[in-house]
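# Structural features, examined
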Amino acid sequence: MPEQLAIHGGKPTVPEGMIKPWPHITEADRQAVMEVLSGESINEQRRIQSEKLSQEWAGYVGRKYCIPTNSGTAALHMCVAALGIEPGDEVILPAFTFWASAAAVLHHNAIPIFVDIDPRTFCIDTAQIESKISDRTKAILPVHIHGMPADMDAVLDIAGRHGLKVIEDTAQAHGSRYKGRLCGGLGDVAGFSTQMSKTLTTGSEGGLFVTDDENYHKRAALLQYFGELVVPGREREEQEYNAYGLGWMYRGDVFGQAFIRSQLKRLNANNALRIRNCNFLTKHLSKIKGVETPYVPPECEPVYYNYVVSVKPDELGLDISSKTLREKVQEALTAEGMHVGQWQRAPVPAQEIFQNRIGYGKGCPWTCGYARPVEYRKEDYPNATAFIDSHFYVFDVNPPNDLDLMKRYVEAFEKVMDNVDRLIS
Ligand SMILES: Cc1ncc(COP(=O)(O)O)c(C=O)c1O
């Protein structure tokens, strides 16, 4: 007699309380944050934490400059500004990403132009980039989605041939490598998010801008601090109260910076544990009929910010859509005690803002007089749509969750897929 699924009243495979949350907080992290409060001057700590984090993260990625920010979106907006991108200029990016990648472009009155994704890596389909280049194009913005490096050789080759700059969206790829080189060290500039869910985190909100170029660094620094060049905590020495250009308030927070510096010491170890967990899942889940595990190109070493799986009704001889099967399987796995789910619900260009193009109001930046007319047609991104319909995420592959939990995950998948007929009928 087959085991009864939890969704039909059986015993859940993953016991309650077994899944541990991220970020994993240690005594060292607590002490690092407490040290900010142990001195007399928080202002002095602002300078120390900000300067040290800049040095440490630049050193980790192998870049000359780093500026800590208050979000990944801010870091990406600084990338756009650093490159001298102007109103009406176009930036090419993938249709599947968190929409902040495109917001960073719009924040500078520039125009996002979307390209569909590669159906195997879910990163930008580099074969389609050149058809989207116009005389307005200034940069390509590949996103290392789910921690999977984009095909950077192809991106850099296209950029080189067309005189374009490259902005890496490294929000999800702290420590991922492409041909042995760290993501964030491959393009002209890169923006990392360090928001709570990320594989390296400030604990709540934050981001990191990096580059090797002195001028880009200077322009980004101006944008970060209201249009002036000031290191947080050095206001008395450095602030003139004279904005040299348009600036925002993108400064990072001292407590988050202390926390992330402590977390950074364990980044490689945490990545290795997450990769081990995910390799274990791939080894076992790939044997289950109807389940597809992530494809990893030989030149890529992803850190698996997200572990992505899909379901294949045709492999199971089922005459239903992959969306319907995915929903049924997700529900059953959730009942088994797993944390699984969806992330994006539509390709970015299909979202309301690109359909209505109201922007800042009166249609800006699309109608401000600088941009050429562009249209965002939902049907132009079939791979992104198919990905969203058929895939879901296995959460909590982060340490301290270990192979004991991964074994339960595999058992839950086996149980659900063995009983898939009962889910459908
Ligand atoms: C791919 C991608 N880009 C940009 C961002 C924006 O980062 P933040 O939320 O820190 O502004 C995120 C964050 O979730 C992201 O996943």
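The residue numbers shown here count from 1 along each chain, following its written sequence. Where local features are concerned, this predicted model is filtered to residues with pLDDT of at least 70; where side-chain atom pairs are given and counted, the filter is 80 or more; whole-chain, interface and lining totals use all residues. As a rule here, side-chain values cover all heavy atoms of the structure and leave hydrogens and water aside.

## What about the pattern of salt bridges?
Any Lys or Arg side-chain nitrogen located within 4 Å of an Asp or Glu carboxyl oxygen qualifies as a salt bridge. One pass over the full model with this rule turns up 19 salt bridges. Taking the shortest distance from any N to any O, the salt bridge between K138 and D89 comes out at 3.4 Å. Here D89 lies in the loop between helix 3 (72-82) and strand 2 (90-94) and K138 lies in strand 4 (residues 137-140), a separation of 49 residues in the sequence. To sort residues, take the accessible area from a 1.4 Å probe on protein chains only and compare it with the maximum for the residue type: under 20% means buried, over 50% means exposed, and anything in between is partly exposed. Accessibility expressed as a relative area gives 35% for K138, which makes it partly exposed. A relative accessible area of 10% means that D89 is categorised as buried. One salt bridge in this structure joins E327 and K323, with 3.4 Å as the shortest N-O distance. With E327 and K323 both in helix 10 (residues 322-335) and 4 residues apart, the pair spans about one turn of that helix. Accessibility expressed as a relative area gives 34% for E327, which makes it partly exposed. The structure contains a network of salt bridges with shared partners spanning E44, R47 and E51. Under the scheme used here, helices are H or I runs from DSSP no shorter than 4 residues and strands are E runs no shorter than 2 residues, and both carry numbers assigned from the N terminus.

## Here's the deal with the site of the ligand
The local shell around the ligand holds 16 residues, among which G72, T73, D169, S193 and K198 are the closest. Polar contacts, as used here, are pairs of N or O atoms within 3.5 Å; protein pairs need one atom able to donate a hydrogen and one able to accept it. Residues neighboring in sequence count only if both atoms are side-chain atoms. At 2.8 Å, a side-chain N or O of D169 approaches a nitrogen atom of the ligand. Between the ligand and S193, the relevant distance is 2.7 Å, taken from an oxygen atom to a side-chain nitrogen or oxygen of the residue. Using protein atoms alone on a 1 Å grid, points that fit a 1.4 Å probe yet trap it form a cavity, whereas open point sets bounded by protein on both sides within 12 Å along at least five of seven lines form a pocket; residues with an atom within 4 Å of a point count as lining. Should more than half of a molecule's atoms lie within 2 Å of a pocket's or cavity's grid points, that molecule is taken to sit in it. A molecule is said to occupy a pocket when more than half its atoms come within 2 Å of that pocket's grid points, and by this definition the ligand occupies the largest pocket. Mapped onto the shell around the ligand, the elements with two or more residues apiece are helix 3 and helix 4 (100-106). At 3 residues, helix 3 tops the list of elements feeding residues into the shell around the ligand. We call a residue near a molecule or strand when any one of its heavy atoms sits within 4 Å of it.

## Side note on the confidence of the model for the protein
When pLDDT is averaged across the protein, the result is 96; 100% of the residues are at 70 or more. Taken element by element, the protein is modelled with least confidence in helix 14 (residues 420-424), mean pLDDT 91, and with most confidence in strand 5 (residues 165-169), mean pLDDT 99. Confidence of the prediction at every residue is given by pLDDT, a number between 0 and 100.

## A short note on the layout of surface pockets
Grid points are joined across faces, edges and corners, and a volume is the space filled by probe spheres set on the points. The computed volume of the largest pocket comes to approximately 540 Å³. If you trace the largest pocket, you find 30 residues lining it, with Q172, Q195, S197, K198 and Y305 closest to the centre. In terms of residue count, the dominant contributor to the lining of the largest pocket is helix 3 (3 residues). In this classification, the charged set is Asp, Glu, Lys and Arg, the nonpolar set is Ala, Val, Leu, Ile, Met, Phe, Trp, Tyr, Cys and Pro, and all remaining amino acids, among them Gly, are polar. Looking at the lining of the largest pocket residue by residue, the classes come out as 13 nonpolar, 13 polar and 4 charged. In this structure, the second largest pocket encloses a volume near 330 Å³. What lines the second largest pocket is a set of 18 residues, and nearest its centre among them are S54, C66, I67, H217 and V231. Within the residue set of the lining of the second largest pocket, elements represented by two or more residues are helix 2 (42-61), strand 1 (65-69) and helix 6 (214-224).

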